[in-house]
Amino acid sequence: MNLTAENHSIPLSDGNHIPLLGLGTYGDPQTTPKGTALECVKLAIDVGYRHFDGALVYFNEHEVGQAIREKIADGTVRRQDIFYCGKLWNTFHPPQLVRPALERTLKALKLDYVDLYVVELPMAFKPGAGFYPKDQAGNYIYHHTDLCATWEALEACKDAGLVKSLGVSNFNRRQLELLLNKPGLKHKPVSNQIECHPYFTQPKLLEFCRQNDIVIVGYCPIGSSRDASWVNVKCPPMLEDELLVSIGKKHNKSPAQVALRFNVQRGVAVIPKSFTPERIRHNFQIFDFSLTEEEMKAIEALNKDIRFVELDHPEYPFHEEY
């Protein structure tokens, strides 16, 4: 696979393409200053990023969309150069709510379509005005979900031209098979966004997805922040791993760049989140070196089946293994 800074896209099963390196745009709405996503996405486009991962529940799609539109207006990129992934949140699983949710994302972005739209989690919250419905005891209120019915509503959105490709997120094998084996399936999921990094390499799910022509998109590809409210801080800090450090020194690269290159080199797309200009630039510098077969195998052997994202956090309350 000859990957370059200018061209690092791989094909999806529906004929579209996804850049293997993207920018995650989540920022805590309570603490992230207004305009941060706008400036960082504009910078990222200038650096060379073309893939942006967002969601309605990040509360900043209007800024991401403005950044994309400004860089189109100044001639830096064309709309077809940009790959934007949005997400269907847990409160919008009922079929009649799917298209309105996607249209809210399109309205915020002020774009005619998104390139990829994924079911964020294979479970649902009670529909209503709030994204995180709770009962009087403070527990989340779950809701029955028929993933096949939700998927049919998504297929209609694709047929209407509102989205180019359809995917899922945090799905295990059983949930993927539910969709793949659905009678009358019109558009199969092209991607599955999951946590994936050297300490959580996901070998079984990766192999299953490869067999079914589903691209893995890895979140937390360089680990995560040490925010105890949603991160398992008992996890050892991956970027201090001796092997990643030593391989990095050999290539004159950082452990983060080695971790990103590892996944990209095995066909796993990565979406490191950063609102720090230096890190945004730094994370993009992974196309001027490659890892040897021995280095790839050594990094694969680091797998500890460790998750950084605690899936009992409100944004990730679901967890079931492969």
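Below or above, wherever it landed, is the structure these notes cover. Quick caveat, the model's predicted, so the values are computed rather than measured.

1. Some remarks on the environment of Ala-298
- Positionally, Ala-298 belongs in helix H10 (residues 293–300).
- The spacing of Ala-298 and Glu-278 is 20 residues in sequence and 28 Å in space, taken between C-alpha atoms.

2. Quick notes on unusual backbone geometry
- Within the chain, Phe-59 stands out as a residue other than glycine whose phi angle is a positive 60°.
- Examined against the element boundaries, Phe-59 turns out to sit in the loop between strand S4 (51–53) and helix H2 (61–73).
- At Asp-305, a residue that is not glycine, the phi angle is positive and equals roughly 50°.
- Here Asp-305 lies in the segment after H10.

3. Looking at the environment of Pro-221
- With respect to the element layout, Pro-221 can be found in the loop between strand S11 (215–219) and helix H7 (242–251).
- Taking the C-alpha atoms as reference points, Pro-221 and Asp-14, 207 residues apart in sequence, are found 25 Å from one another.

4. Here's the deal with the pairing of S11
- Of all five residues in S11, five are buried; the element is thus mostly enclosed.
- Burial of the side chains of S11 extends over both faces: Val-215, Val-217 and Tyr-219 are buried on one face and Ile-216 and Gly-218 on the other.
- Pairing analysis gives five bridges linking strand S10 (residues 191–195) to S11, with the strands arranged parallel. Bridge assignment links Gln-193 to a residue of S11, and that residue is Val-217.
- Viewed along the sheet, the connection from S10 through helix H6 (residues 203–211) into S11 turns out right-handed.

Conventions adopted
- Residues numbered from 1 in each chain as written.
- Predicted model: local features only at pLDDT ≥ 70, side-chain atom pairs only at ≥ 80, totals over all residues.
- Heavy atoms only, no water.
- Helix = DSSP H or I, 4+ residues; strand = E, 2+ residues; numbered from the N terminus.
- Buried < 20%, exposed > 50% of the residue type's maximum accessible area, 1.4 Å probe, protein only.
- Pairing = 2+ DSSP bridges.
- Right-handed = clockwise from strand over helix to strand, strands pointing away.

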